[in-house]
Amino acid sequence: SPQIAIAFIAAAVFLALFVFAESRASAPLLLLSVFRNRAFAINTVVTLIGMFAFLVIMYSTSIRLTIIQGFSPLQSSVAYLFFGGIGFVLLPLTSKLLERYNPRWVLCTALTFIGASGLWFAVIPTTSRSISAIVGPLILAGVGSALAFASITAVAVNTLPNHLAGMASGVTSTFRDLGFALGPAIAGAVALGRASDEIARKLAGDPALSKAYEAFQASAAHAPADQRPQLEAAVHAVQSGPLGANSVPADITLPDGKVVPFNPLKDVAFDALSSSYSIAYVLAGVAALVAAALILVGVRGGEHVRDGVAAA
């Protein structure tokens, strides 16, 4: 839409203006020359890609549990105890690991855990309607994120001179948050776009399904006046896209107890969303593993990184 195109153009213009201003400032917020440091530049890219991957997993899990599988918000929140709560439990261990080992190896391990989590999530069918079915990848993602959040900053501040440690931390935080923002935006666009296409193909290739959907769309016009608002809301939800189509029940129970077909796209939308968000999980897993590989490239490049977090 025009609003999105304009937003991207505005972002590009202001980014160019920021670079122009910072390159001429006597005391810049961001010293652009720090990106000439290969280790710091690689860590910045790793931060962006790695945090993108983690947020894709968090976002996809939220959609999987709430919209696709229909868990309540309270039930779904259990998953986020793994994502966030593990970090607090592992805090003492994380500190010891960063003191004893090169933070790059800790970060590489963390991203490998996140990548494995995404790929594991992708092969667990959404028909497994239990939190216990995804406990394994949840733990991997939680441990990986706990190690990654601490080690990303440790690596960044150890790649630049001590007097630039604050700038290194700030830049890392900015790219971390950019990865957070891009994760749901890109994964949502890919998954929902693919799900919409799959539903459209099913409608085009199945005359019976298409006829049932047309009847569903016309149901509000032929309903009693007191039922019309609810039917119109249901039709509008299904027309809104795959998430709405999956949220409206396939059958309804009439006052006399009779169960009749209602939303003909419910099962189609469920299958389309399940397969599409599996692809989002794969995208996250591959992205995290690419970030881990980039760390190895940096290590083999011979860049010197001081062990521990003393520079912080």
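What comes next concerns the included structure. As the structure is a computational prediction, the values presented were derived from the model and not from experiment.

### Here's the deal with the overall build of the protein chain
At step 1: On a plain count of helices and strands, the protein chain comes out with eleven helices and two strands.
At step 2: From first element to last, N terminus to C terminus, the protein chain shows the α and β order α-α-α-α-α-α-α-α-α-α-β-β-α.
At step 3: Considering only C-alpha atoms, the protein chain reaches an extent of 75 × 45 × 35 Å along its principal axes.
At step 4: Once local pairs closer than 6 in sequence are excluded, the contacts in the protein chain between residues at least 24 apart make up 76%.
At step 5: Accessible area of the protein chain: about 15700 Å², with a carbon and sulfur share of 68%.
At step 6: When the 18 basic and 15 acidic side-chain charges of the protein chain are each reduced to a single mean position, those positions are 11 Å apart.

### A word on a nonpolar patch on the surface
At step 1: Together, Leu 178, Leu 182, Ile 186, Val 190, Ile 279 and Leu 283 line one region of the surface with nonpolar side chains, adding up to about 410 Å² of accessible area.
At step 2: For the nonpolar patch, the elements supplying multiple residues, two or more each, are α7 (165-205) and α11 (266-300).
At step 3: The dominant element in the nonpolar patch, judged by the number of residues it contributes, is α7, at four residues.
At step 4: Tracing the backbone through its elements, the reader meets Leu 178 in helix α7.

### Comments concerning the pattern of salt bridges
At step 1: In the structure shown here, the tally under the stated rule is two salt bridges.
At step 2: Ionic pairing is found between Arg 176 and Asp 177, a salt bridge with its closest N-O pair at 3.4 Å.
At step 3: The exposure class of Asp 177 is partly exposed, given its relative accessible area of 40%.
At step 4: A salt bridge links Glu 198 to Arg 194; the nearest nitrogen and oxygen atoms lie 3.3 Å apart. With Glu 198 and Arg 194 both in helix α7 and four residues apart, the pair spans about one turn of that helix.

### Description of the nonpolar core
At step 1: Counting 72 residues, the largest nonpolar core has Ile 57, Leu 107, Leu 111, Ile 114, Leu 265 and Tyr 277 as the members making the most contacts within it.
At step 2: Among the elements of the structure, α2 (38-68), α3 (73-89), α5 (103-122), α6 (135-157), α7, α8 (207-218), α9 (228-239) and α11 are those that each provide at least two residues to this core.
At step 3: If we skip the residues at most four places from it in the chain, Tyr 277 touches Tyr 59, Ser 60, Ile 63, Ile 68, Gly 188, Ala 191 and Leu 192.
At step 4: Grouped together as the second largest cluster of nonpolar side chains are eleven residues, Leu 30, Phe 40, Met 167 and Ala 168 included.

### Overview of the packing of α7 against α8
At step 1: Where α7 contacts α8, the axes come no closer than 5 Å and their chain directions differ by 105°. Put simply, α7 runs roughly perpendicular to α8. Two secondary-structure elements touch here, α7 through Lys 202, Leu 203 and Gly 205 and α8 through Pro 207, Leu 209, Ser 210 and Tyr 213.

### Some thoughts on the side chain of Ser 276
At step 1: Among the secondary structure elements, Ser 276 is positioned in helix α11.
At step 2: Taking relative accessible area as the criterion, Ser 276 reaches 1% and is therefore assigned buried.
At step 3: At 2.8 Å, the side chain of Ser 276 forms a polar contact with the backbone oxygen of Ala 272.
At step 4: Not counting chain neighbours up to four residues away, the residues in contact with Ser 276 comprise Ala 191, Arg 194 and Ala 195.

### Looking at the packing of aromatic side chains
At step 1: Tallying each qualifying case throughout the model produces nine aromatic pairs.
At step 2: Seen in terms of ring centroids, Phe 121 and Tyr 281 are 4.7 Å apart; in terms of plane orientation they differ by 10°. Their pairing is stacked. Residue Phe 121 is found in helix α5, and its partner Tyr 281 is found in helix α11; the two are separated by 160 residues along the sequence.
At step 3: By relative accessible area, Phe 121 is classed as buried at 0%.

Reading the values: rules and limits
Residues numbered from 1 in each chain as written. Predicted model: local features only at pLDDT ≥ 70, side-chain atom pairs only at ≥ 80, totals over all residues. Heavy atoms only, no water. Helix = DSSP H or I, 4+ residues; strand = E, 2+ residues; numbered from the N terminus. Contact = heavy atoms within 4.5 Å. Areas by Shrake-Rupley, 256 points an atom, 1.4 Å probe, with all protein chains shown as cover. Lys, Arg positive; Asp, Glu negative; His and termini not counted. Charge placed at Lys NZ, Arg CZ, Asp CG, Glu CD. Patch = residues over 30% accessible without salt bridge, like charges linked within 9 Å, V, L, I, M, F, W, Y side chains within 5 Å. Salt bridge = Lys/Arg side-chain N within 4 Å of Asp/Glu carboxyl O. Buried < 20%, exposed > 50% of the residue type's maximum accessible area, 1.4 Å probe, protein only. Core = buried A, V, L, I, M, F, W, Y, C linked by side-chain atoms within 4.5 Å. Axes fitted to C-alpha atoms, helices over the stretch in contact; angles between N-to-C directions. Parallel < 35°, antiparallel > 145°, perpendicular 65-115°, else oblique. Polar contact = N/O pair within 3.5 Å; in protein donor to acceptor, adjacent residues only side chain to side chain. Phe/Tyr/Trp six-rings, centres within 6.5 Å; stacked < 30°, edge-to-face > 60°.

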